[in-house]
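What the coordinates show
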Amino acid sequence: MLVKYQNRIMALPMLCMIIIVLSACCFDEQKNETSNVNPKVQSVETVSVTRGNLTPTVSAHTTIIPALDFVLCSSVEGTFEACSSAGNKITEGGVIGKVSEEEIKSPVDATILSIISSNESVPKNYPLATAKYTGFALNIEAENFLKILPENAALKAKFQVVDGVGPTEAIAVVVPVSENAESTLQCLIGKDIDVKPGQSATVVITAETRKDVLLLPLSVIAGRQGKGMVTVINDGKQIQTEVMLGATDGAYVEILSGVNEGDTISSIPPNLDPRSKE
């Protein structure tokens, strides 16, 4: 009897070990079955298309240089009547001429280098005069920014010199006369501001705020050049949809077409979403 009792005692640890091993195996199997029930079912973080206000903004890190010659353009269509001539100096706010009674003013103290003749019929945005500002400036490539703005849009600029003055308002934002005139903005620095050529600075340019427009975060859109792609979530289905893009403030972008207010959009853009490849 003693031997049988001892054998039973010795068998208990072995039996417990077998139960533990079998339980672990069952747990792993159950875990694998659970994870393989539907591997494609994943939670999708989303955002909604909303309406709101947006201030078009562009910024860049650039270098202070002597100002380039700039142009003054007609703000309306009509007949030009000159009030100045080449070689004349003009003060900030001075009128160089009129187009259909609309005064064309210089944004800074400048010298008129050239100007078209009076009684010329001109379209809107036509170059009327070339002027020279004797001072420093900051140039910024802003082709896409300019494309989404109305012609002669009122612009504001501020700059911060690295380890120097700022943030300080720039006197004006004008299009310089150069091969890149259509894609470059020039921020003229006041002559009372202590800066040097070659200094680095950050420039921020803003336009008039757009009100009651459709908005989405830039982070959910694949593409930036006027159009992009988003993933619309509709009845559990993911639909890649093209959207036309307008102005941006660096965080949000105006949506011109492609989606409607209230639409649900995946927070991951199509080109970064692994589900789009399945």
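Quantities reported herein were computed from a predicted structural model and do not represent experimental measurements.

With that out of the way, let us pick up the overall build of the chain. Helix and strand counts for the chain stand at two helices and 22 strands. Taking all 278 residues of the chain together, 32% fall into the buried category. If you sum the accessible surface of the chain, you get close to 16900 Å²; carbon and sulfur atoms cover 53% of it.

To continue, consider the sheet that holds strand S11 (residues 127-132). The pairing of strands in a sheet happens through backbone hydrogen bonds and is either parallel or antiparallel. Reading across the sheet, the four strands line up as S4-S11-S9-S6 and stay open at both edges, with antiparallel pairing between neighbours. The sheet is open, and its two borders are formed by strand S4 (70-73) and strand S6 (89-90), each paired with just one other strand. The pairing of strand S9 (residues 110-115) with S11 spans four bridges and is classified as antiparallel. Looking at S11, one finds that Ser-114 is bridged to Thr-130.

This part takes up the sheet that holds strand S17 (residues 200-207). Judged by pairing direction, the sheet is antiparallel, and its seven strands sit side by side in the order S14-S13-S17-S3-S12-S16-S15 without closing on themselves. Lying at the two open borders of the sheet, with one neighbouring strand each, are strand S14 (168-169) and strand S15 (172-174). Where S15 and strand S16 (residues 184-188) come together, three bridges link them in antiparallel fashion. What sits directly across from Ala-172, in S16, is Leu-188.

So, on to the pattern of salt bridges. A complete count under the given rule lists four salt bridges for this structure. For Arg-51, the salt bridge is made with Glu-261, and the minimal N-O distance between the two is 3.3 Å. With Arg-51 in strand S2 (residues 50-54) and Glu-261 in the loop between strand S21 (252-257) and strand S22 (264-266), this pair connects stretches of sequence that are 210 residues apart. Residue Glu-103 is joined to Lys-105 by a salt bridge in which the shortest nitrogen-to-oxygen separation is 3.8 Å. Given a relative accessible area of 40%, Glu-103 falls into the partly exposed group. Connected via shared salt-bridge partners are Arg-51, Asp-212 and Glu-261.

Before going further, it helps to spend a moment on the side chain of Thr-62. Secondary-structure assignment places Thr-62 in strand S3 (residues 57-66). Beyond its immediate stretch of four places on either side in the chain, Thr-62 contacts Leu-138, Asn-139, Gln-199, Ser-200, Ala-201 and Val-203.

As a further point, take the environment of Asn-260. Inspection of the secondary structure assignment puts Asn-260 in the loop between S21 and S22. Taking the C-alpha atoms as reference points, Asn-260 and Leu-214, separated by 46 residues in sequence, lie 7.8 Å from one another.

Below, the discussion takes up the pairing of S9. Both S6 and S9 contribute to a ladder of two bridges, which runs antiparallel. Its bridge partner lying in S9, Lys-89 is registered against Thr-111.

Alignment of strand S7 (residues 95-99) against strand S8 (residues 102-105), held across four bridges, turns out to be antiparallel. Bridged to Gly-97 within S8 is Ile-104.

Time to look at unusual backbone geometry. The amide bond that connects Gly-166 to the next residue, Pro-167, takes the cis arrangement and shows omega of -5°. The residue Pro-167 is located in the loop between strand S13 (155-161) and S14 in this model. One non-glycine residue, Asn-125, adopts positive backbone phi at about 70°. Relative to the helices and strands, Asn-125 is located in the loop between strand S10 (120-122) and S11. By relative accessible area, Asn-125 is classed as partly exposed at 23%. Despite not being glycine, Asp-212 shows a phi value in the positive range, around 55°. Tracing the sequence through the fold places Asp-212 in strand S18 (residues 210-217).

What counts, and where the lines are drawn
Residues numbered from 1 in each chain as written. Predicted model: local features only at pLDDT ≥ 70, side-chain atom pairs only at ≥ 80, totals over all residues. Heavy atoms only, no water. Helix = DSSP H or I, 4+ residues; strand = E, 2+ residues; numbered from the N terminus. Buried < 20%, exposed > 50% of the residue type's maximum accessible area, 1.4 Å probe, protein only. Areas by Shrake-Rupley, 256 points an atom, 1.4 Å probe, with all protein chains shown as cover. Pairing = 2+ DSSP bridges. Salt bridge = Lys/Arg side-chain N within 4 Å of Asp/Glu carboxyl O. Contact = heavy atoms within 4.5 Å.

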